[in-house]
Amino acid sequence: MRVLVTGAAGFIGSHLCERLLELGENQVIGLDNFDPFYSRTQKDDNLVLLKENPNFSLVEGSLDQISDLDELQSEKPDLVIHLAAKAGVLPSIKDPSGYIHTNINGTLSLLDWMKEKGISNLIFGSSSSIYGNYPVTPFREDMKVSQPISPYALTKASGEMMTYNYYHLYDINCINLRFFTVIGPRQRPDLAIHKFFNLIQKGEPIKLYGDGSSARDYTYVGDIVSGVMASIDLLTSSSSIYDVINLGNHKPVTLGEMVEVIESISDVPVKKDHVPFQPGDVDVTYADIAKARTLLGYEPSTSFEDGVRAFYDWFKESRLVS
Ligand SMILES: NC(=O)c1ccc[n+]([C@@H]2O[C@H](COP(=O)([O-])OP(=O)(O)OC[C@H]3O[C@@H](n4cnc5c(N)ncnc54)[C@H](O)[C@@H]3O)[C@@H](O)[C@H]2O)c1
């Protein structure tokens, strides 16, 4: 199969491309514009193994220009996995128009290009953040998601609506996967575990927002990739499909518990600063994964602690302290 992965140089995208290539039967084309949200060095490192594989090619360019990128005009892919985005909840509050431009206009450009090319299989990387502060947990896919509490969440909810639109009008089959905070090697530096280890290495205090009771359903990147791979099978074996599926761990970890795990793993003492909770951030994320279990045979298998250890091993080896 020929697969286009947008956001291939990123955290999840690079792991996914590696798994797709492990099977030996896929051609993978990565599209990435090396958005300056975090360092190009980290993204170049993410691509090292991929660049050694003759079945991988990288196209450097933006979603906006997708129709003009010569490298993408020849053989069309059988499937697109759309992970390129401006990610992160809190940074989106400072830059709503940047997030809307990349995540909404960029997704629209991609969908139009797929329509023109006659590509009819899409997996869209959506987010748990679209549940906002929904009062009932665990979050189920049929819950109302029309009250986003950050620009990032708004763009992901819009993405899911746009993919429905193109499914309805142009028969572009789509599975929207709502990822719950992903952890593991290559994690983005703006995400809590990476950010905390960075500060700890520099001897600076980590900022703990709120009273420590906020919680995240941290999910290991290898489990997320397994869920994406199972979604490919479901998508490509269905003649017509549009669906939304949570990929989480179903085991929320509080901020307090997270810090305990970090303290037990870190080689360096942890200094802490308690600060007020930030608006736009959600209190709790907690995935109901019954649908993923039924439709995908999805079963996350890496514990939070093992995921943090895997991150820390990578972090020490890559010496990316910034
Ligand atoms: N990491 C998580 O915890 C998490 C949780 C929920 C959803 N997601 C979603 O999963 C996807 C991947 O997330 P990630 O953590 O790997 O993020 P990431 O920032 O590491 O990867 C995204 C990649 O997209 C690229 N990109 C940005 N704008 C682009 C554009 N206009 N054209 C081409 N490439 C562009 C970036 O350069 C980056 O390499 C994103 O859509 C994100 O919103 C991530």
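Everything below is about the structure shown above.
Worth saying up front: this structure is predicted, and the values here are computed from it rather than measured.

> Please clarify how the overall build of the protein chain should be interpreted in this entry.
Helix and strand content of the protein chain: eleven helices and 13 strands. A principal-axis box enclosing the C-alpha atoms of the protein chain has dimensions of 55 × 45 × 40 Å. Burial analysis of the protein chain (322 residues in total) assigns 41% to the buried set. Across the protein chain, every contact between residues at least 6 apart in sequence was considered, and the portion connecting residues at least 24 apart equals 83%.

> Any chance you could explain the nonpolar core here in plain terms?
Within soluble globular proteins, side chains that are nonpolar tend to cluster in buried spots. Of all hydrophobic cores here, the largest spans 77 residues; its most connected members are V5 and I81. Not counting the four nearest positions on each side in its chain, V5 is found in contact with G13, L16, C17, V28, G30, I81 and L83.

> Explain helix α5 (residues 96-117) to me, please; I cannot follow it from the model alone.
Helical geometry note: an α-helix holds 3.6 residues per turn, so side chains three or four residues apart project in the same direction. For α5, which comprises 22 residues, the first-to-last C-alpha distance of 30 Å matches the rise-based estimate of 32 Å (1.5 Å per residue) to within 8%. Every buried residue of α5 is accounted for by Y99, T102, N103, G106, T107, L110, L111, W113 and M114. Phi for G118, located one or two positions after α5, is positive at around 75°.

> Mind showing me how you'd approach the sheet that holds strand β6 (residues 173-179) here?
Pairing between sheet strands relies on hydrogen bonds along the backbone, with the strands arranged either parallel or antiparallel. A sheet is described by the order of its strands in space; here seven strands give the open sequence β3-β2-β1-β4-β5-β6-β11, paired in parallel fashion. Only two strands of the sheet have a single neighbouring strand rather than two, namely β3 (56-60) and β11 (242-247). This sheet shows a mean twist of 20° between the axes of neighbouring strands, independent of strand direction. Where β6 meets β11, six bridges bridge the pair, whose relative direction is parallel.

> For this particular structure, what's the right way to read unusual backbone geometry?
In most cases, non-glycine residues show a negative phi, while peptide bonds are predominantly trans. Cis rather than trans, the peptide bond between T137 and P138 has omega equal to -5°. Take P138: it is sitting in the loop between β5 (121-127) and α6 (151-170). The phi torsion at F34 lies on the positive side, around 50°, for a residue other than glycine. In this structure, F34 sits in the loop between β2 (27-32) and α2 (40-46).

> Sorry if this is basic, but what is going on with the site of the ligand here?
The full set close to the ligand counts 29 residues, and G7, G10, F11, A84 and A85 are the nearest of them. In terms of residue count, the dominant contributor to the shell around the ligand is helix α1 (residues 11-22) (three residues). Its residues placed into classes, the shell around the ligand shows 13 nonpolar, eleven polar and five charged.

> Could you clarify how one ought to interpret the packing of helix α9 (residues 255-265) against helix α11 (residues 304-318) in this entry?
In a pair of packed helices, the angle between the axes and the distance between the axes together describe the arrangement. At a closest axis distance of 10 Å, the pairing of α9 and α11 adopts a crossing angle of 50°. The pairing of α9 with α11 is recorded here as oblique in orientation. When you trace α9 past α11, the crossing you get is right-handed. Here α9 contributes V261, I262 and I265 to the contact with α11, which in turn contributes F304, E305, V308, R309 and Y312. Here the residues of the contact of α9 with α11 sort into six nonpolar, no polar and two charged.

Rules used in this analysis
Residues numbered from 1 in each chain as written. Predicted model: local features only at pLDDT ≥ 70, side-chain atom pairs only at ≥ 80, totals over all residues. Helix = DSSP H or I, 4+ residues; strand = E, 2+ residues; numbered from the N terminus. Buried ≥ 20, exposed ≤ 12 C-beta atoms within 10 Å, placed from the backbone. Contact = placed C-beta atoms within 7 Å. Core = buried A, V, L, I, M, F, W, Y, C linked by C-beta atoms within 7 Å. Expected span 1.5 Å × (residues − 1). Pairing = 2+ DSSP bridges. Axes fitted to C-alpha atoms, helices over the stretch in contact; angles between N-to-C directions. Near = placed C-beta within 6 Å. Nonpolar A, V, L, I, M, F, W, Y, C, P; charged D, E, K, R; others polar. Parallel < 35°, antiparallel > 145°, perpendicular 65-115°, else oblique. Left-handed = near helix turned anticlockwise from the far one by under 90°.

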